[in-house]
Amino acid sequence: MAVNTDTKKSSAAGADAADKQNTTAKTEDLEQYRSDATGQALRSNQGVKVSDDKNSLRAGARGPSLLEDFLLREKITHFDHERIPERIVHARGVAAHGYFESYANHAKLSKAGFLGEKGKQTPVFVRFSTVQGPRGSADTVRDVRGFAIKFYTDEGNFDLVGNNIPVFFIQDAIKFPDFVHAVKPEPHNEVPTGGSAHDTFWDFVSLQSEASHAVIWAMSDRAIPKSLRTMQGFGVHTFRLINDEGVSKFVKFIWTPKQGVLSLVWDEAQKLAGKDPDFHRRDLGNAIEQGNYPEWEFGVQIIDEKDEHSFDFDILDPTKIIPEELVPITPLGKLVLNRNPENFFAETEQVAFCPGHIVPGIDFSNDPLLQGRLFSYTDTQLSRLGGPNFHEIPINKPVCPFHNNQRDGIHRTTINKGQAAYEPNSIDGGWPKETPPAAKDGGFESYYERIDAHKIRERSDSFSDHFSQPRLFYNSLSEHEQTHVVNAYSFELGKVQRTFIRERVVNEILSNIDLDLAAKVATNLGITPPTKQSVAVPEIKLKSSPALSQQNLLPDSAKGKKIAILAFAGIADEQLQAAKAFAEKHEITVMLLGETSAPVNTRKQKSIAVDGTIKGEPSVTFDAVIVLDGDDVSGSILKNGAAVHYLYEAYKHLKAIVLTGDAAKLLDSLPLKQDAGLISNSSFNAVETELLAALKAHRVWDREAVAESIPA
Ligand code: HDD
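Cut-offs and rules
- Residues numbered from 1 in each chain as written.
- Predicted model: local features only at pLDDT ≥ 70, side-chain atom pairs only at ≥ 80, totals over all residues.
- Heavy atoms only, no water.
- Axes fitted to C-alpha atoms, helices over the stretch in contact; angles between N-to-C directions.
- Helix = DSSP H or I, 4+ residues; strand = E, 2+ residues; numbered from the N terminus.
- Parallel < 35°, antiparallel > 145°, perpendicular 65-115°, else oblique.
- Left-handed = near helix turned anticlockwise from the far one by under 90°.
- Contact = heavy atoms within 4.5 Å.
- Disulfide = S-S within 2.5 Å.
- Donors = N, O, S within 2.8 Å, 3.2 Å for Na, K, Ca; no water.
- UniProt positions renumbered as here; feature names shortened; annotations may be inferred.
- Buried < 20%, exposed > 50% of the residue type's maximum accessible area, 1.4 Å probe, protein only.
- Pairing = 2+ DSSP bridges.

1. Focus: the packing of helix H12 (residues 479-495) against helix H14 (residues 515-525)
- In contact at an axis separation of 9 Å, H12 and H14 are set at 40° when each is read in the N-to-C sense. Judged by the angle between their axes, H12 and H14 are oblique. In this structure, H12 meets H14 at a crossing whose hand is right-handed. Listed contacts from H14 to Val-485, Val-486, Tyr-489, Ser-490, Leu-493 and Gly-494 of H12 are Leu-517, Lys-520, Val-521, Asn-524 and Leu-525.

Shown next as structure tokens:
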């Protein structure tokens, strides 16, 4: 996928055409609502052709505007009402169309039709989001990411509204408004935007120790994903799958990306928030446009009903994972995103998810967080989308027919025929009629669960251990991942103004997770390190879960990576060709960056166009940087502060750097040390194997300590 400006244009046009061909039953359904103004007259909303859209009607060319100007009034009125309330959480998001494909007939597990046939494809619309920030906030903040999927199944819509971390901050929905008020920008000054490094967040989570597990995930690299394509997705709660014999199994839903689970480094994430606040949405859109369709494997962890109580945690507690070492993931199918939305507002903004949207073969568990969510989502759409008919908005409509006796309401578009809007009726022949439950195509039937209990406002004792799983998480991380967790707590708490909150986090939360972690953070904050836990933490059997470390979730290819080649006059023609061929072969995007946008003359005096400039395409948006042999290229770089900074920054962010021929001389004058990722040789061909390995490894972690001294 090597691109220069010209091929980029033509490949984008080609990809656009391919994009359009990626149709599903849902994208075809949306076609009837799409509006194309090409070749059309400009008209008012009432269909009147407009002769002048530049001037309002006035009393004389220099006189006041006239109230009778219906064209002016219509245009301004519509404009005045263009905005709708943003989502209270997950306001910043981006979405794509695609499909889910079942690997097999999973009827033994669930009677859900979309899982019932090998190769069966079901249209999906997937929205990714950050949680804390408003619609216009930056993509790369430290935050949990939403991962919400709408399956348009033949039996109705199924919404799996998950996150990229497998646990949540609270155990009971009644605490959700408190949690959100604590993490959102503070009420007196609406600061900070997009992050959790502030007093109210840490005040709440240090008083509410059930948050400890989700918080340590949020302080890990998972909360600064490299791309939305490189995150896992989790349904978080335990759900039920039910087969046609009525047998139910508990399940956890997990999405694992083919692209690997990759993150940014913290300094890079912060810089990206300024240099390219749209980094994640741009990346997703571009990947799809270029035909590099992101893919996830969809799997479930299955627990028999009889094993519900066989773990040292409660499977109804949303602050707990079920370690893969205890219950492995059974793959059920794959998710492919292959088409960008046509219009952001109509599709991405107006899509309305609700965990209560399920289909026959799926059911809820009694997780008290899930139970509360079932109410909240539809309720919020009433104010966000303005009334009870939001299911009629094209992106929200099922692809199967739907008829019932619900009527009217604001913005109703369905024109219901007939006189009888009630059930039972004899006037309209009794239609629409109920469908009894059945193995296939049946009516929905809730799982036949026996409940025999007192009505009580109490939390189960089985939810009371808040520390053994955060400890398991910390123990499962590689050394560099642990260091990042220490650094993240230290950074965030360093922003907390009240010392007693910092101390409470260290002494009453971190000490119970891991004393070494607590001591390191305490030292960074200038607090006396705690020497003992503040509560007794139960010993759990599993001490480490390798499946939790991103180090074990790397991709097996370099497909989709992005490389910058810094181009100066006199660049060696053969080496440039070799680098482009390498990129093409491994499906890597390469951009040639000049000092200016002007073409560059090669050593053989060929004038080549550049794809961008060193200042316009910052190193933080690339996975690797290459400086190829050229006539005194090392001298050109040393004279250009932006180019030197480019290399420093890529080095500091632990990226692969290739210096060939004359460029290798830079190692004599710059404080950069050769390592597994800083590769130099006489020719590009000689570095290919090492470069490929470095790209697959994602970062040169061994460089981290050395890179600390680099001023970038
Ligand atoms: Fe939520 C949006 C995920 C708990 C109430 N949530 C929302 C979105 C995601 C999640 C991905 C964005 C959907 C979209 O793209 O439109 N939420 C979760 C997860 C949770 C969770 C994984 C715990 C496991 N949420 C949760 C609770 C409540 C809510 C406990 C309330 C009791 N969530 C909402 C909401 C939102 C929402 C206020 C805002 C906009 C919307 O629903 O449509 O109703």
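2. Remarks on the state of the cysteines
- Within the structure shown, the criterion is met by zero disulfides.
- Cys-400 provides the cysteine sulfur closest to Cys-354, a residue in no disulfide bond, and the two sulfurs are 16 Å apart.

3. Some details on the coordination of the iron atom of the ligand
- Exactly one donor from the protein chain reaches the iron atom of the ligand: Tyr-377 (OH), at 1.8 Å.
- Mapped onto the elements of the fold, Tyr-377 is located in helix H10 (residues 368-384).

4. Overview of the UniProt feature "domain: Catalase core" (unreviewed entry) in the chain
- Residues annotated by UniProt as "domain: Catalase core" (unreviewed entry) correspond here to residues 43-431.
- Counting secondary structure, residues 43-431 comes out at 20% helix and 20% strand; the distance between its end C-alpha atoms is 41 Å.

5. Considering the pairing of strand S7 (residues 248-257)
- Across the 10 residues of S7, eight count as buried, placing the element largely inside the fold.
- Strand direction decides the pairing type here: strand S5 (residues 233-234) and S7, joined by two bridges, are antiparallel. Along S7, the bridge assignment pairs Phe-234 with Ile-254.
- Alignment of strand S6 (residues 239-242) against S7, held across four bridges, turns out to be antiparallel. Counted as the bridge partner of Arg-240 is Phe-250 from S7.
- Two successive antiparallel strands, S6 and S7, enclose a turn made up of five residues, where Gly-246 displays a positive phi of approximately 85°.

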